[in-house]
Amino acid sequence: MQCSSILKPYIDRLFTLPDLKYPALRDYILSMGELLSAVLFASAVSGKVIPGEEIFVGRGEFGDAFIDIEKSRRNAKLIYEALEEALVPVISGFMANLSDKVATLGRE
């Protein structure tokens, strides 16, 4: 599979931005670089991309969210599902789901 076909769905997401207000839109755009890197890495290692916002539930504010460990635990099944498919789970970091939107995590 060519690199362009692997990246296409994710690049399409970048060029069809959702109707979000700042700072949620900023976090959405910032998260795309991490997601594209995860896609490239997963293609190199026979992996499956699991976007961080599908696993991590965030609390706090956009641009400075933190992970709610208790709420995120139930999403670990996505990792096990990839392993059962004999795929390397590649989880994009730096992001979480905050009110059904992508939020970037703070430094702490």
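See the structure shown above.
Residues numbered from 1 in each chain as written. Predicted model: local features only at pLDDT ≥ 70, side-chain atom pairs only at ≥ 80, totals over all residues. Heavy atoms only, no water.

Student: Report on the side chain of Asp-27, specifying residues and quantitative values.
Tutor: By the secondary structure assignment, Asp-27 is in helix 2 (residues 24-44). A residue is classified by how much of its surface remains accessible, and Asp-27, at 0% relative accessible area, is buried. There is a polar contact of 3.3 Å between the side chain of Asp-27 and the side chain of Arg-26. Ignoring sequence-local partners within four residues, the contact set of Asp-27 consists of Phe-62, Gly-63, Val-102, Ala-103 and Thr-104. (Helix = DSSP H or I, 4+ residues; strand = E, 2+ residues; numbered from the N terminus. Buried < 20%, exposed > 50% of the residue type's maximum accessible area, 1.4 Å probe, protein only. Polar contact = N/O pair within 3.5 Å; in protein donor to acceptor, adjacent residues only side chain to side chain. Contact = heavy atoms within 4.5 Å.)

Student: Give a detailed account of the nonpolar core, specifying residues and quantitative values.
Tutor: In terms of nonpolar packing, the biggest core is built from 14 residues, with Tyr-10, Leu-35, Val-39 and Val-49 touching the most fellow members. Looking at this core, the elements that each hand over two or more residues are helix 1 (3-15) and helix 2. If you tally residues by element for this core, the top one is helix 2, at eight residues. Setting aside residues up to four positions removed in sequence, Tyr-10 forms contacts with Met-32, Leu-35, Leu-36, Val-39 and Val-49. (Core = buried A, V, L, I, M, F, W, Y, C linked by side-chain atoms within 4.5 Å.)

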